[in-house]
Every structure is written in structure tokens, then in C-alpha cells.
Amino acid sequence: MLLNNLNQAVEKAIHDMGINPEDTRGDEAGQWMLLREEMPIYLDAWEDTESNPWNYFVFEKDKTVFQISVPFCYAPTLKRDEFFQEMLVVNLNLMYGKFTYNEKDNVAALVYRIPGMSFQTTDLQTIVDSLCYYAEMAYHVLKDEFNLKRVLTES
């Protein structure tokens, strides 16, 4: 898939959600940010420049990538290993996403990533709803045990 086609499809999907894509665009082409209440939802589309062992099987067919990231909490300083273990165990049950950790920002997030050719405009709303549901659930279920702090963006 051509990156320009993927970007157009993402903008159509955002529009179909009842949101003006122009209001969500980031600083660079292929970046958008949605808000669910104060929770940020980042959408990104890009073209990989080189294959790696984890994506070699699709790289030659399609170099484009679509990703949604929902950062929902800062990782705890106490009981950190137990927190990460809990995220890995819960990953088995998730549809449309997986937990991940950004060490640089110390942020736990939910992520959905697919080759660009697999992006379907009709699926965006369901995927965003699912990731936000999981983010809310994980935060509320784990906040007391791990003393979690939310990642929020002021609207």
C-alpha cells in the first residue's frame, strides 16, 4: 500500500467517527491524536525503511504500518516486576491490542499495530473503543495495588 493511500484511509475513518480529521492532525503527516475524555489516543501511519526479524514476512509486500497507541499510566516504582508480569498475563485475553512499555517515558500503553494493507476504515471505531476500554479497566483494576498515576492530556 502506498503511504499516501493509507493516510487518506485513516482520515476517512476518523471522519466516519464523526471527528474532523483536520482537528486531529499532528505535526507531521501520518500523525493524529484523538481524545477520549482526557485520555490521549495516538494514530500513526508510516513506511518502514528496512526490515527486521520481527516483520520480515510482510516487509516485501507492504512497507507501510498503521499503529494506535493509548498511553494510560506511568509504570510504578514499587512492585514493578509484578506490574509487568500482570500486563503480560492479561495480554492473552485482549482483542485488538497488547500492553507495551515505553522505558524512555516510563509509560505503560495499549498498542494496536498492523501492516498498512490490512487497515480497514470500518474497524477504527471498534479498535479505539476496545483499547480505551482496556486502558480504563487496567488502570482502575490495578491503580490501588500498584499506586498508578494516569497519563492525561488536557483538552
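These numbers come from a predicted model, not from an experiment.

*Asks:* A description of the pattern of salt bridges should follow, citing residues and the corresponding values.
*Replies:* What the rule picks out here adds up to 5 salt bridges. A salt bridge links Asp 16 to Lys 12; the shortest N-O distance between them is 2.6 Å. Linking Asp 16 with Lys 12, this pair stays in helix 1 (residues 3-16), spanning 4 residues, or about one helical turn. Residue classification places Asp 16 among the partly exposed residues on the basis of a relative accessible area of 46%. Between Lys 79 and Glu 145 there is a salt bridge, with its nearest N and O atoms 3.9 Å apart. With Lys 79 in the loop between strand 3 (64-74) and helix 3 (80-91) and Glu 145 in helix 4 (residues 124-146), this pair connects stretches of sequence that are 66 residues apart. Taking relative accessible area as the criterion, Glu 145 reaches 46% and is therefore assigned partly exposed.

*Asks:* Which residues make up the packing of aromatic side chains, and what values go with them?
*Replies:* Summed over the entire model, instances satisfying the criterion amount to 6 aromatic pairs. With 5.4 Å between their ring centres and 70° between their planes, Phe 83 and Phe 146 make a pair best called edge-to-face. Of this pair, Phe 83 sits in helix 3 while Phe 146 sits in helix 4, and the two are 63 residues apart along the sequence. In this pair, the class of Phe 83 matches that of Phe 146, namely buried. Through successive ring pairs, a cluster of aromatic residues spans Phe 83, Phe 84, Tyr 101 and Phe 146. A cation over a ring is seen here: Lys 79 above Phe 146, with NZ or CZ 5.3 Å from the ring centre. Positioned above the aromatic ring of Tyr 139, the side-chain terminus of Arg 150 is 4.5 Å from the ring centre.

*Asks:* Please give an account of the nonpolar core that cites residues and values.
*Replies:* Grouped together as the largest cluster of nonpolar side chains are 40 residues, with contacts concentrated most on Leu 43, Phe 66, Ile 68, Phe 72, Phe 83, Phe 119 and Leu 124. Counting residues per element, this core draws most heavily on helix 4, which supplies 11 residues.

*Asks:* Hey, could you go over the side chain of Glu 11 for me, with residue numbers and the actual values?
*Replies:* Position of Glu 11 relative to the elements: it lies in helix 1. The exposure class of Glu 11 is buried, given its relative accessible area of 19%. A distance of 2.6 Å separates polar atoms of two side chains, one belonging to Glu 11 and the other to Arg 25. Those residues in contact with Glu 11, other than ones at most four positions away along the chain, are Pro 21, Arg 25 and Trp 32.

*Asks:* Residue-level account of unusual backbone geometry, with values.
*Replies:* In this structure, Lys 79 takes a positive phi of about 55° despite not being glycine. Taking the relative accessible area as the measure of exposure, Lys 79 reaches 39% and is therefore partly exposed. Although it is not a glycine, Asn 106 sits at a positive phi angle of roughly 55°. Assignment of secondary structure puts Asn 106 in the loop between strand 4 (98-102) and strand 5 (107-115).

Reading the values: rules and limits
- Residues numbered from 1 in each chain as written.
- Predicted model: local features only at pLDDT ≥ 70, side-chain atom pairs only at ≥ 80, totals over all residues.
- Heavy atoms only, no water.
- Salt bridge = Lys/Arg side-chain N within 4 Å of Asp/Glu carboxyl O.
- Helix = DSSP H or I, 4+ residues; strand = E, 2+ residues; numbered from the N terminus.
- Buried < 20%, exposed > 50% of the residue type's maximum accessible area, 1.4 Å probe, protein only.
- Phe/Tyr/Trp six-rings, centres within 6.5 Å; stacked < 30°, edge-to-face > 60°.
- Lys NZ or Arg CZ within 6 Å of the ring centre and 35° of its normal.
- Core = buried A, V, L, I, M, F, W, Y, C linked by side-chain atoms within 4.5 Å.
- Polar contact = N/O pair within 3.5 Å; in protein donor to acceptor, adjacent residues only side chain to side chain.
- Contact = heavy atoms within 4.5 Å.

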